[in-house]
Amino acid sequence: MKKVIFISATLTAANFACFSQPLKIGDKCPDLEFSNVLYYKTNTIKLSQFKARLIVLDYWDCKCVPCIESFQKIDSLQKQFQGTVQFIAINRQSYDSTKRFFALRKNIKLPQIPFITGDSILLRMFQVKAVPTHIWIDSTLTVRFITDGSYATSSNILSFLNNKPLDFYQL
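Predicted model, so just to flag it, every value in this text is computed and none were measured.

A. The arrangement of the environment of Val56 in detail. Tracing the sequence through the fold places Val56 in strand 4 (residues 54–59). Classification of Val56 by relative accessible area gives buried; the value is 0%. Here the alpha-carbon distance between Val56 and Gln86, two residues 30 residues apart in the chain, equals 6.2 Å. Not counting residues up to four positions away in its chain, the partners in contact with Val56 are Gln86, Phe87, Ile88, His134, Ile135 and Trp136.

Here you go:
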């Protein structure tokens, strides 16, 4: 039993050490597998499984009204750029808490995107301190922008996809 506890503690410490320095612009995002995924065809995902030219990690919280209000815009952008852009919603609330939250609020129109719930790994990797925060990741899993949700617009996404320079306020 002591051996198992020691190994578990070692793995936890190693995972924490890997992300003690936050990822920044230009860093490669590790291709981790995430479980507890809602509203997707499977309950696990890896970033590399999306063949999009742009992945936008959308950090949100159940208590963040602007986050929830942006769901309709994100859904529209996801549909407009289907196949070239993939939004992924991420929160720290548990899978069950998130499901309960939406079950009690049937008037919220959910975007047709995966929701990673109960996340602590990505939050630590990017040291997200406020929501909404968007992480823009290119097709090589390189972090391109860390910014607020206001920059997720059709024109900015088109510029990104056409390799035009963008000047976003970085968090």
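B. Focus on the sheet that holds strand 4. Taken in spatial order, the 6 strands line up as 2-6-5-4-7-8 in an open sheet, and their pairing is mixed. Of all strands in the sheet, those with a lone pairing partner are strand 2 (37–38) and strand 8 (143–148), marking the two edges. Direction of pairing for strand 2 relative to strand 6 (residues 115–116): antiparallel, over a ladder of 2 bridges. Bridging across to strand 6, Val37 finds its partner in Ile116. Each of strand 4, strand 5 (85–90), strand 6 and strand 7 (133–138) is contacted by helix 3 (residues 71–80), which is oriented at about 150 degrees to strand 5, the strand it contacts most. Its contacts with the sheet put helix 6 (residues 154–161) on strand 4, strand 5, strand 7 and strand 8, and the angle it makes with strand 7 is roughly 25 degrees.

C. Looking closely at helix 3. Listed in full, the buried residues belonging to helix 3 are Phe71, Ile74, Asp75, Leu77 and Gln78. The buried side chains of helix 3 occupy one side of the element, clustering within an arc of 165 degrees when seen end-on. For helix 3, the exposed residues set more than 90 degrees away from the buried face come down to Gln72 and Lys79.

D. Representation of the pairing of strand 4 within the structure. The element strand 4 is extensively covered by neighbouring structure, given that 6 of its 6 residues are classed as buried. Alternating residues of strand 4 divide into Leu54, Val56 and Asp58 and Ile55, Leu57 and Tyr59, and every residue in both groups is buried. Bridge analysis of strand 4 against strand 5 gives 6 bridges, and the strand direction is parallel. Note on strand 5: the bridge partner recorded for Ile55 is Gln86. With 6 bridges joining them, strand 4 and strand 7 adopt antiparallel strand pairing. Following the sheet pairing, Leu57 is matched in strand 7 by Ile135.

E. Up close: the environment of Leu47. For Leu47, the position within the fold is in the loop between strand 3 (45–46) and strand 4. You can call Leu47 buried: its relative accessible area is 1%. Here Leu47 is in contact with Cys29, Pro30, Asp31, Leu32, Ile55, Leu57, Ile88, Ile137 and Leu141, once residues within four sequence places are set aside.

F. Highlighting the side chain of Gln78. Here Gln78 shows up in helix 3. Looking at Gln78, the relative accessible area reads 2%, which means it is buried. Setting aside its immediate chain neighbours within four residues, Gln78 contacts Val85, Gln86, Phe87, Gln112 and Ile113.

G. Main features of the confidence of the model for the protein chain. Looking at the protein chain as a whole, the pLDDT averages 88, with 88% of positions reaching at least 70. Scored below 50 in pLDDT, residues 1–17 makes 2 contacts in the model with residues more than four places away or belonging to other chains.

The rules behind the values
- Residues numbered from 1 in each chain as written.
- Predicted model: local features only at pLDDT ≥ 70, side-chain atom pairs only at ≥ 80, totals over all residues.
- Heavy atoms only, no water.
- Helix = DSSP H or I, 4+ residues; strand = E, 2+ residues; numbered from the N terminus.
- Buried < 20%, exposed > 50% of the residue type's maximum accessible area, 1.4 Å probe, protein only.
- Contact = heavy atoms within 4.5 Å.
- Pairing = 2+ DSSP bridges.
- Axes fitted to C-alpha atoms, helices over the stretch in contact; angles between N-to-C directions.
- Arc of directions from axis to C-beta.
- pLDDT = per-residue confidence, 0-100.

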